Amino acid sequence: MSATSMLLAGLAASVATPFLAARFKRFGGALCVAVAAAMFAFFLSQVGAVAVAPVVDTVSWVPALGVDLTIRLDGFSLLFALLISGIGTLVTLYAAGYMDEKPDFTRSLFLLYILLFMMAMLATVTADNLIAMFVFWEMTSLLSFLLVGFDSKKAEAREAALQSLVVTVGGGLALLAGIILIGVGAGTFSIGALLADSSALVASPYFGPAIVLVMIGCFTKSAQVPFHFWLPNAMAAPTPASAYLHSATMVKLGVFLLAKLSPIFVQAEWFGPTLVIFGCATMVVAAVQALRSTAFKAVLAFSTVASLGTITMLIGLDGELAAVSVVGFITAHALYKAALFFCAGVVIHGTGQPELDRLGGLGAKMPVTRVAIILAALSAAGLPPFVGFIAKEYLFEGQLVSSFAIATVTVAVLVNAVMVAIAAIVVLRPFFGKAPADLHVHHGESPGMYIGPLVLGVAGLVFGLAPWLIAGSLLQPAASAINSAPMSVSFSLWHGFTPMLALSALVVALGALVTLKWNAIHAVLKPSAALERLLGDGGYQAMMRGLDAGSAWATPRFQNGDPRFYGAVTASAVTLLIFYGLLSGDGPLVPTPPDEPFRLYVVAAVVMIVVGCLAAVLAQSVVSAIIATGVAGYGLALIFLFNGGPDLALTQFSVETLFVVIVTAVILRLPLVLGVTRKRRERVYDVGLSLAFAFAVFICVLWIAAAPFNAALPEYFATVSYTEAFGRNVVNVILVDFRSLDTFGEIAVVALAAIAAWALLRATGEKPKPSGKGAPKAAPKAAPKAAPKAASKGAKEPAAPTQEA
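Residues numbered from 1 in each chain as written. Predicted model: local features only at pLDDT ≥ 70, side-chain atom pairs only at ≥ 80, totals over all residues. Heavy atoms only, no water.

(A) Geometry of the domain arrangement of the protein. What the domain assignment lists for the protein is domain 1 (308-519), domain 2 (528-559) and domain 3 (563-738). Once you take the C-alpha centre of each, domain 2 and domain 3 turn out to be 45 Å apart. (Domains from an automatic or database assignment.)

Structure representation (structure tokens):
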């Protein structure tokens, strides 16, 4: 089966199985797990083929725009696909147990979101066309919004979901602009074609702006400074979603795309240093925020932000070894971070307590979870013989051989010392600390919830002891893809007594010191209002308050419910744009009109139109104005008829007749008492605007008439209307065949407007009826009050509503 077929089958199964899970709870969760496992098995079967050459599968999607659905599996895409589907399998299993006590619909809905999220991620990392990739990229943002805000009854969850959506989708707009510039500059949207030959893009003036825009999109997705705040706040999501978000999915999409395009972008000398600066800044900010946090998931979340900063910094380093460091760190981080979040979920789910300083004594009550979190924490701390130790060795080696050795190594040592302390704290406090008196375990650990972290913890140990299992088959093709050239990877546990080993030892020693002083450091940093303003989401909150204030100011001024105002703004804008276009051209303002024979009947029709318009403006009754407007419409129908358009004329006659009849019938049923509502100054402006608009349209019509007639399009429609659409009326064929979607949209708009109008008119005739036992009885009708005296001599109250204007 091809990759495209497998992804489509996986999508169909992801939609279907959660509904089966709702119907058959006993084995419904297992079906959802099987879908994710099948995707993992498929991508695992592609390891041998991808090690030789990228696997490409192309399906035409929108050929007119150069958009195709090409699935391209190179080493780096395959590594991500395996992490996404493999950890996705464990997340689905974990979610089924985590949501076991929820209602069937809630549980199935969450599994649906998880599976769709997995499929969107897989499509994103395997898509070769940048436009297609962007579509799937935005799907992950939407689905993460649904996952973060899944518990919609909590204000915290709703706010965090909105924040994640605003930040990531805002960055997505920048990414889309960058992708378009890449396509314009390179002449292709294919990542494979760009990697093969990027000379056209590099020589293009759009190269620099495209890099900046793509970096903005990637920084928002991967929570880099200054967009780092949304990811920790997204901890309002249920723990299965948090584990998936932080380990192998959405937050790594940004660094994935940066690494994927780095062979192209590195040709701009400032690209690498920029990534190093932002990556290091993100590492430092996240480390400080982690030291200020108390919640279990929040501490882990900030450690994820620091890890993403580390990956961003590694992508910016020069030298081949940086590619090995990137893929090694991504793999190790995905394994231990998912396990840590799983264990945090088991603890919070069992105790209902999210705060680390209020947990303790859980080792005996959750023994399997204790083993799993110890294994994951040892890998996170970079201790041998875990794969995290090997990744950290390559991290330091890649920094030492780069041009940024001193700065990056200093930052990495300090930040990784904090990561070691975090790994120690999340193990020691909940599982080996003293149990608070008010802590109770409501739920014990279940197999569905501890299998995932245990498997990942053991995997980190196995890959550390036997790194050859993944070195040649996964890491080498992935590093070669990032390096855009084949390279050998020596991913081993022991490198001898090297500077990297000394740095690792220094990190562990500093981490132990931070662990001992954790409470003292936290006490100093936590109360700092300056740090909260500088490192928190204060900028985002200020922006949202500014938007609210701007909306409050603009809404009553621009959405004031006055149709005349809306029409005036629209007409003014169109008039200004027309005159700008006319005046900025090289030719005269008014073209020479074409020679046309004088036709008296046409002049008579024009006079009829003008008379109808003037009568509508000067009419004192709404009904009279409607009839006068219909007269002008009839005159336009005569123009169509005189110029060889009998079908258009017939349509116009029908429309005008129906308009006059229907609108008059509706107006007569409305209790209108209309008076003069426009001031003299407003009327003067109305007259001036209407004359300017009419003159602008008149000039445009003259230019259209003066332009040479191009008969290509009319001849095409006349030729193919019968042979391809089987219609003899060309206009009708154009409306219902060639531009059928436009016509359908117009009909839909009119239908929806009619339904809305009917609902409003119906509502005006209904009176609220009291309901319930305690509803008050209807009050007796009050006697009609005497009519107020006239305000001025000769004025009198109308006996009945009229349509006088």
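(B) Summary view of the packing of aromatic side chains. This structure, assessed with the given rule, holds 24 aromatic pairs. Measuring from centroid to centroid gives 5.2 Å for Phe76 and Phe80, while their planes differ by 75 degrees, and the two rings are edge-to-face. Here Phe76 pairs with Phe80, and both are found in helix α4 (residues 75-98), just four residues apart, close to one helical turn. Across the pair, Phe80 and Phe76 agree in class, each one buried. (Phe/Tyr/Trp six-rings, centres within 6.5 Å; stacked < 30°, edge-to-face > 60°. Helix = DSSP H or I, 4+ residues; strand = E, 2+ residues; numbered from the N terminus. Buried < 20%, exposed > 50% of the residue type's maximum accessible area, 1.4 Å probe, protein only.)

(C) Summary view of a nonpolar patch on the surface. Together, Leu583, Leu589, Val590, Phe695 and Phe698 make up an exposed nonpolar region whose accessible area comes to about 450 Å². Looking at the secondary structure, you find Leu589 in the loop between α26 (563-584) and α27 (600-618). Assessed through its relative accessible area of 32%, Leu589 is described here as partly exposed. (Patch = residues over 30% accessible without salt bridge, like charges linked within 9 Å, V, L, I, M, F, W, Y side chains within 5 Å. Areas by Shrake-Rupley, 256 points an atom, 1.4 Å probe, with all protein chains shown as cover. Salt bridge = Lys/Arg side-chain N within 4 Å of Asp/Glu carboxyl O.)

(D) Representation of unusual backbone geometry in the model. Each neighbour pair has its own omega, and for Val225 with Pro226 the value is 10 degrees, a cis peptide bond. Locating Pro226 in the fold gives a position in the loop between α10 (207-221) and α11 (230-233). For the bond running from Pro384 to Pro385, omega is 5 degrees, close enough to zero to count as cis. Residue position: Pro385 is located in the loop between α17 (367-380) and α18 (387-400). Backbone geometry at Ser484 places phi at a positive 60 degrees, although glycine is not the residue there. Considering the arrangement of structural elements, one finds Ser484 in the loop between α21 (468-483) and α22 (499-516). In this structure, Phe726 is a non-glycine residue whose phi angle is positive, near 60 degrees.

(E) How the structure looks around the environment of Ile114. One can find Ile114 in helix α5 (residues 104-126). Note on Ile114: relative accessible area 1%, which makes it buried. The spacing of Ile114 and Gly464 is 350 residues in sequence and 30 Å in space, taken between C-alpha atoms. The residues touching Ile114, leaving out its near neighbours within four places in the chain, are Val91, Thr92, Leu147, Ala241 and Tyr244. (Contact = heavy atoms within 4.5 Å.)

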